[in-house]
Amino acid sequence: MDRVSAFDEPLRKLLGGATAKVMADHLDLHTVGDLLHHYPRRYEERGRLTALTDLPLDEHVTVVAQVADARVMMFNNGRGKRLEVTLTDGHGRLQLVFFGHGVHKPHKELVPGRRAMFAGKVSVFNRKTQLAHPTYQLLDVQDTDEAAEAVDAFAGRLLPIYPACKQLDSWRIAKAVDTVLPSAGEAVDPLPPALRDGRGLTSLPEALLKVHRPQTKADIALARDRLKWDEAFVLQVALARRRYADTQLPAVARRPRPGGLLDAFDAKLPFTLTEGQRKVSAEIFDDLATEHPMHRLLQGEVGSGKTMVALRAMLGVVDAGGQAAMLAPTEVLAQQHHRSITEMMGELAEGGMLGGSEQGTKVVLLTGSMGVAARRQALLDLVTGEAGIVIGTHALIEDKVKFHDLGLVVVDEQHRFGVEQRDALRSKGKQPPHLLVMTATPIPRTVAMTVFGDLETSVLDQLPAGRSPIASHVVPAKDKPHFLSRAWERVREEVENGHQAYVVCPRIGDDADDEPAGGKAADGKAKKKAAAEEDGEKRPPLAVLDIAAQLAAGPLAGLRVEVLHGRMNPEDKDDVMRRFAAGGVDVLVATTVIEVGVNVPNATAMVIMDADRFGVSQLHQLRGRVGRGSAPGLCLLVSEAHEASPARARLSAVASTLDGFELSRIDLEQRREGDVLGQAQSGVRSSLRMLTVIDDEEVIAAAREEAAAVVAADPELAHLPELRTALDALLDKEREQYLDKG
């Protein structure tokens, strides 16, 4: 067997079909290499018990504990049986509960004084933390073959606890790892020997052995240091190669001409740019003046004036004889940008039209749902160069779209677009156009280095003058229903004071898969619901159509309540948005289509239903839609989440600060890195497993430097075949071709 194929061996060959299927379906592990890189989350010492006092709610946990008490309870007039077991770690207690036929075996085995590993999902019942129907592995009995085997499997004092799932416990994963561990000796080492020796890192085979079966805590530290470096370095090499390829591309330098469109626009601005806007604009114009393509990430807080900076860059390119395209993630946002840009430009947006300015240009909108005639005209304006600026959705990427001379691509809300999409638009220039990527989701420096490592970064962190503060509060709808009633009163008060409000829900409602009430379907639904409740699942998220109807008939009766969501046809969406912007709608009940870019200064209140169903940065984005005028904003986060749950902690964090960078840090600490480095953002298939972007800033920064040096000396990695192999594993094939093409 050659060195690569040992790691590529499918798990089903070694572990059997059933186990391999669970690993593939629930843990995304398919090969020997995948399993060897599925590292323990933490380690328990055999003689030690786990702290039971602060287990995370709603999460699948594995604990080592001792049985303090076990008793069988009867209910339902003696027809039902329940076994309640109390575990202790000497400080806290944890309740286990088993029902029905599942009572017999644990009743025999879980006697007071016995130690075991238990795995299950943490829930709360009668104010007590509990695991319902956990699986367990006895640790302190030698009288059965299975128990002896269990103890032998964890030779040494440290028990690895693996990220597990309901279908596969940590100790079964440990058993599977034992089966494939001999292959660790055949690991291909991606680090150049000079780097490995210079930093005193252990070899990869040894690191894999030590991370899975450590004898001491020093083994764990040694293994982690090495594995973090692998992840950081290979990823940074991929990004460094992309940056290098970009510097090899030719581009047309775009310098705005004096007395042109940009100067005319600046002269009619009714306000002065903030210092931050001026500084970032200078960085952008410096890049545009060079003969290789700009690749810049512009991050700015919600409402920090990114659109103004991007518009000035686009006008500068038009001045220099090129065209600029802005790519927006939704039709609502594309229309909004088109509206606000043409308003800001006034007669300068009417080039070639009656009453338009001589220096002006044409600003066109291109979306997938436009009428045939309007679309044909927009395409014609682009190919002839009549239109200097185009704003559009994914429709811009289609083959039919041709430009006269595309000079700048602006991508709004980068996290909604993959690398491939922005490259498809860039390929429409005669030579590669300059690229400006914008995001209102603040990104910690380490994430910027990892996710957007192929881009230079500019940050806008000042808000323009005249912005109002936003007060945010959590509304615990379940514990304190009167708080929710008060929330609707507050919305009514805002409307009575001449303002408007948003109500945001996670779902549209009226889904095609919603079964009709009554009959067998309803009966099946009721059974499903009961099963879901027993399984600890939540109700479905609240829906726009249901909430809008309830509000219009109840607490907000008499107000003009309208809905906005992604399934509406584009004319209706645009019509609702226009009427809301013009003050013809009091309350807009919407999905997250309003999350980015929607600008209605008169909207002062926002109520987010089921707020715990949204991520931290998404809540921060949504909240940024209010307080955009001179009146203060109010954001109410409605949730039924339990007070001690991670979801409520998240909401409290959002309510406590308006600083997006602080929130992005909290968000990162609470989520797994895989979410941050998702495929859509970086094109990278495997997420980070050992490296934590938030804590390992030094490793990432050092790896970035080393990677840049390696790529500068050997861009094709001709002398580092092992590193090439690791890159192939990290990057999917399409993406690898892209890197090769540059």
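The structure displayed is predicted, hence computed values, not measured ones. (Residues numbered from 1 in each chain as written. Predicted model: local features only at pLDDT ≥ 70, side-chain atom pairs only at ≥ 80, totals over all residues. Heavy atoms only, no water.)

Asks: I tried to follow the nonpolar core on my own but got confused; where do I start?
Replies: A general trend in soluble globular proteins is that nonpolar side chains are found buried together. Ranked by size, the top nonpolar core spans 39 residues in total, and within it Met 314, Met 345, Ile 389, Leu 408 and Leu 436 carry the most contacts. Tallying contributions element by element places helix 13 (residues 306-319) first for this core, with nine residues. (Core = buried A, V, L, I, M, F, W, Y, C linked by side-chain atoms within 4.5 Å. Buried < 20%, exposed > 50% of the residue type's maximum accessible area, 1.4 Å probe, protein only. Helix = DSSP H or I, 4+ residues; strand = E, 2+ residues; numbered from the N terminus.)

Asks: I tried to follow the sheet that holds strand 18 (residues 561-564) on my own but got confused; where do I start?
Replies: Where strands meet in a sheet, backbone hydrogen bonds hold them as pairs that are either parallel or antiparallel. Pairing within the open sheet is parallel, and its six strands lie in the order 16-21-20-17-19-18. This sheet does not close on itself; its edge strands, each paired only once, are strand 16 (470-476) and strand 18. When the angles between neighbouring strand axes are averaged without regard to direction, this sheet yields 20 degrees. Alignment of strand 16 against strand 21 (residues 633-639), held across seven bridges, turns out to be parallel. Bridge pairing links Val 475 to Val 638 in strand 21. (Pairing = 2+ DSSP bridges. Axes fitted to C-alpha atoms, helices over the stretch in contact; angles between N-to-C directions.)

Asks: Help me out: how do you make sense of helix 11 (residues 261-268) in this one?
Replies: In an α-helix, one turn spans 3.6 residues, which is why side chains three or four residues apart end up on the same side. The complete set of buried residues in helix 11 reads Leu 261, Leu 262, Ala 264 and Phe 265. Projection of helix 11 onto a plane perpendicular to its axis shows the buried side chains occupying an angular sector of 165 degrees, all on one side. Where helix 11 is buried, its residues contact helix 12 (275-288), helix 13 and helix 14 (331-345). (Arc of directions from axis to C-beta. Contact = heavy atoms within 4.5 Å.)

Asks: Where do I start with the packing of aromatic side chains in this structure?
Replies: Aromatic ring pairs are defined here through the distance separating the ring centres and the angle between the ring planes. All told, the structure shown has four aromatic pairs when counted by the stated rule. Their ring planes at 85 degrees and their centres at 6.5 Å tell us that Phe 98 and Tyr 136 sit as a pair that is edge-to-face. With Phe 98 in strand 4 (residues 93-99) and Tyr 136 in strand 7 (residues 135-138), the pair connects residues that are 38 residues apart, well separated along the chain. Note on accessibility: Phe 98 and Tyr 136 belong to one class, buried. (Phe/Tyr/Trp six-rings, centres within 6.5 Å; stacked < 30°, edge-to-face > 60°.)

Asks: Honestly, helix 13 in this entry has me stumped. Any pointers?
Replies: Between its terminal C-alpha atoms helix 13 stretches 20 Å, which fits the 20 Å expected from 14 residues at 1.5 Å a residue. Counting buried positions along helix 13 yields 13 of 14 residues, so the element is predominantly enclosed. Following helix 13 by one or two positions, Gly 321 adopts a phi angle in the positive range, close to 90 degrees. (Expected span 1.5 Å × (residues − 1).)

Asks: Sorry if this is basic, but what is going on with the environment of Phe 285 here?
Replies: Structurally, the position occupied by Phe 285 is in helix 12. Sequence spacing of Phe 285 and Pro 256 is 29 residues, and the spatial spacing of their C-alpha atoms is 8.6 Å. When neighbours within four sequence positions are excluded, Phe 285 is seen to be in contact with Pro 256, Leu 262, Arg 312, Ala 313 and Gly 316.

Asks: Looking at this structure, how should I read unusual backbone geometry?
Replies: A negative phi holds for most residues other than glycine; trans holds for most peptide bonds. Phi at His 133 is positive, roughly 50 degrees, even though this residue is not glycine. Residue position: His 133 is located in the loop between strand 6 (128-132) and strand 7. You will see that Leu 717, though not glycine, has its phi angle at about 55 degrees, which is positive. Residue position: Leu 717 is located in the loop between helix 27 (697-713) and helix 28 (721-730). Taking relative accessible area as the criterion, Leu 717 reaches 1% and is therefore assigned buried.

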